[in-house]
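An overview of the molecular structure
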Amino acid sequence: MKRVVVGLSGGVDSSVAAYLLQQQGYEVIGLFMKNWHDDSVTISNECPWLEDSNDALLVAEKLGIPFQTVDLSEEYKEKIVDYMFNEYEKGRTPNPDVLCNREIKFDVFMKIALSLGADYVATGHYCRKGEIEVNEEKVYQLLAGADNNKDQSYFLCQLSQEQLAKSLFPIGELTKPEVREIATQLDLVTAEKRDSQGLCFIGKVRLPEFLQQKLQAKEGQIIQIDKADSIYNSEKIEGISIEAALEFDAKKLAYTPKMGKIVGKHQGAHYFTIGQRKGLNVGGTTDPLFIIATNVETNTIYTGLGNQHPGLFKNALRIEKSEVHWIRTDLAIANGETMEVMARIRYRQPLSKATLFQFESGMYVAFEEPQSAITEGQFVAWYIGDELVGSGVIS
């Protein structure tokens, strides 16, 4: 009998995942990950992890499976929280959920599970795992969840073949309503529970307050750049190489305060991200202002009017060579090669047609349609059909 450790998070998805594995004849163990200690940054007095671990325990009791809690807050602080602060300090926007899956759930947690004699680790992610043979070798596929509305493959875009080999995604073939329906029939305490918001597992943390604990506030200017500014008319030089042309399309525009007008003040450029419109507190504009660039060196934020401002859009992005990651290593392209894919630069974004270009220095992803708010530090993931084959950090 194969043994599976399920990461019971106290939510409905992992609860139903545990039940389905039981039905499939696995020996199931429930494990709750405690990833957070510092209550000084949670918003309210409710202690989300206590409530969640309690719900996870009730589910395990109802299903009659063994249950325990593991405290991973040390590893979480080191691998996720410190990484977040470092990224924000550099003026980049991290994605803790993608990292949490790569570094915590499918690494530290997985090692604990395997040490308990588990054959697999299972989570309540809406995605599916495929298995094919390539040159007589077993190759694992990460496939989109059947529920288009809830597909979470993007969050697992940094997993490896080794991690996928040991993973199971029991609810990947179901839709959210079907999952809730099963939980309701079983009378599970989590059946009606709302989906968790906030950082994976930290619970209700307000990001700006959280960041302010480590990153000093300092006042700077908010500059508004006109959509007709000449910076948007610079022409690509004729006859340059494909790589140089892509570099031109992907590069950051060099804004200076002289180009625009001061419309307000902010408390620190590193608290803000490209494409953001909330929290600027600048009134009296005809359309909302969107952040088109931040400069942490000069502590300046550049904004543009409306969500169609040219400063929001780019056709291409770059990934450092060391940050290119293939789940399907057998499909990786070599220097000078290209690949047609469908790609997304954030969760829940519809997939867009794109071409990958691999060079000695790194990879470019060129989109058929200009993309809004391509953000440094976030992940771009690329698909062939409904299979996520690779990803990388936007540089």
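Above this text is the structure in question.
Owing to the predicted nature of the structure, the values given are computational and were not obtained by experimental measurement.

**Focus on the overall build of the chain**
Summing up its helical and strand segments, the chain has eight helices and 17 strands in all. Going through the 395 residues of the chain one by one, you find that 53% of them count as buried. A fraction of 70% describes how many contacts in the chain between residues 6 or more apart in sequence connect residues 24 or more apart. In the structure as shown, the chain presents an accessible area of about 18,700 Å², 48% of it carried by carbon and sulfur atoms. For the chain, the separation between the mean place of its 41 positive charges and that of its 55 negative charges on side chains is 4 Å.

**Let's talk about the pattern of salt bridges**
Where side chains of opposite charge bring their charged atoms close, a pairing between them can arise. Taken as a whole and judged by the stated rule, the model has 21 salt bridges. Ionic pairing is found between Lys-79 and Asp-107, a salt bridge with its closest N-O pair at 3.6 Å. In this pair, Lys-79 is assigned in helix H3 (residues 73-89) and Asp-107 in helix H4 (residues 96-115), connecting sequence segments 28 residues apart. Judged by relative accessible area, which is 18%, Asp-107 ranks as buried. For the salt bridge of Asp-107 with Lys-111, the shortest nitrogen-to-oxygen distance reads 2.7 Å. With Asp-107 and Lys-111 both in helix H4, this residue pair falls four residues apart, about one helical turn. Through salt bridges with shared partners, one network takes in Lys-79, Arg-102, Glu-103, Asp-107 and Lys-111.

**A look at the nonpolar core**
With 53 residues, the main nonpolar core has Phe-109, Leu-142 and Phe-379 as its most contacted residues. The set of elements that each furnish at least two residues to this core consists of strand S2 (27-34), H3, H4, strand S6 (137-144), helix H7 (207-212), strand S10 (289-295), strand S16 (379-384) and strand S17 (387-394). Broken down by element, the residue count for this core peaks at nine residues, all from H4. Not counting residues within four places of it along the chain, the set of residues in contact with Leu-142 comprises Cys-127, Arg-128, Ser-153, Leu-156, Leu-164, Phe-169, Ile-327, Asp-386, Glu-387 and Leu-388. Among the nonpolar cores identified, the runner-up in size contains 27 residues, and Phe-32, Ala-60, Ala-122 and Leu-188 belong to it.

**Remarks on H4**
The largest bend in H4 is about 30°, located at Phe-109. In this structure Asn-95 caps H4, since a side-chain oxygen of it lies 3.1 Å from the backbone nitrogen of Asp-97. Trailing H4 by a residue or two, Gly-117 shows a phi angle of about 80°, which is positive.

**Brief notes about the packing of aromatic side chains**
Tallying each qualifying case throughout the model produces eight aromatic pairs. Relative to Phe-155, the ring of Tyr-154 lies with its centre 6.0 Å away and its plane at 65°, an arrangement referred to as edge-to-face. Here Tyr-154 and Phe-155 have matching classes, each one buried. Between Trp-326 and Trp-382, the aromatic rings sit 5.5 Å apart at their centres with planes inclined by 75°, giving edge-to-face as the arrangement. Here Trp-382 lies in strand S16 and Trp-326 lies in strand S12 (residues 313-326), a separation of 56 residues in the sequence. The rings of Tyr-154, Phe-155 and Tyr-347 are connected pair by pair, giving a single aromatic cluster.

**Observations concerning the environment of Trp-382**
Overall, the relative accessible area of 0% leaves Trp-382 in the buried class. Once the C-alpha coordinates of Trp-382 and Tyr-154 are considered, the two residues, 228 residues apart in sequence, prove to be 9.0 Å apart.

**Topic: the sheet that holds S10**
The mixed open sheet is built from four strands, whose spatial order is S9-S8-S11-S10. If you trace the sheet from one side to the other, it starts and ends with strand S9 (261-266) and S10, each paired once. Each strand axis lies, on average, 30° off the axis of its neighbour in the sheet, ignoring direction.

**What about the sheet that holds strand S1 (residues 3-7)?**
Across the sheet, which stays open at both edges, the five strands sit in the order S3-S2-S1-S4-S7 with parallel pairing between neighbours. Since the sheet does not close on itself, it has two edges, and those belong to strand S3 (67-71) and strand S7 (167-168), each with one partner. Sheet topology note: the S1/strand S4 (residues 120-122) ladder contains three bridges and is parallel. If you follow Val-4 over to S4, its bridge partner there is Tyr-120. Sheet strands in contact with helix H1 (residues 12-23) are S1, S2, S4 and S7, and its direction is about 170° off that of S1. Docked against the sheet, H4 engages S1, S2, S3, S4 and S7, running at close to 125° with respect to S2.

**Here we look at H3**
When the local axis directions of H3 are compared, the greatest deviation, roughly 25°, occurs at Val-81. Where H3 is concerned, the buried positions are Ser-73, Tyr-76, Ile-80, Val-81, Tyr-83, Met-84, Phe-85, Glu-87 and Tyr-88. Of the residues flanking the end of H3, it is Gly-91, one or two places downstream, whose phi is positive at about 80°.

**A few points about the packing of H1 against helix H6 (residues 176-185)**
The geometry of H1 relative to H6 is characterised by a closest axis approach of 9 Å and an angle of 70° between their N-to-C directions. One finds that H1 runs roughly perpendicular with respect to H6. As H1 packs across H6, the resulting crossing turns out to be left-handed. Taking contact as the criterion, the partners of Val-12, Asp-13, Val-16, Tyr-19 and Leu-20 in H1 are, on H6, Lys-176, Val-179, Arg-180, Ile-182 and Ala-183.

What counts, and at which threshold
Residues numbered from 1 in each chain as written. Predicted model: local features only at pLDDT ≥ 70, side-chain atom pairs only at ≥ 80, totals over all residues. Heavy atoms only, no water. Helix = DSSP H or I, 4+ residues; strand = E, 2+ residues; numbered from the N terminus. Buried < 20%, exposed > 50% of the residue type's maximum accessible area, 1.4 Å probe, protein only. Contact = heavy atoms within 4.5 Å. Areas by Shrake-Rupley, 256 points an atom, 1.4 Å probe, with all protein chains shown as cover. Lys, Arg positive; Asp, Glu negative; His and termini not counted. Charge placed at Lys NZ, Arg CZ, Asp CG, Glu CD. Salt bridge = Lys/Arg side-chain N within 4 Å of Asp/Glu carboxyl O. Core = buried A, V, L, I, M, F, W, Y, C linked by side-chain atoms within 4.5 Å. Bend = angle between axes of the 7 residues up to and from the residue. Polar contact = N/O pair within 3.5 Å; in protein donor to acceptor, adjacent residues only side chain to side chain. Phe/Tyr/Trp six-rings, centres within 6.5 Å; stacked < 30°, edge-to-face > 60°. Pairing = 2+ DSSP bridges. Axes fitted to C-alpha atoms, helices over the stretch in contact; angles between N-to-C directions. Parallel < 35°, antiparallel > 145°, perpendicular 65-115°, else oblique. Left-handed = near helix turned anticlockwise from the far one by under 90°.

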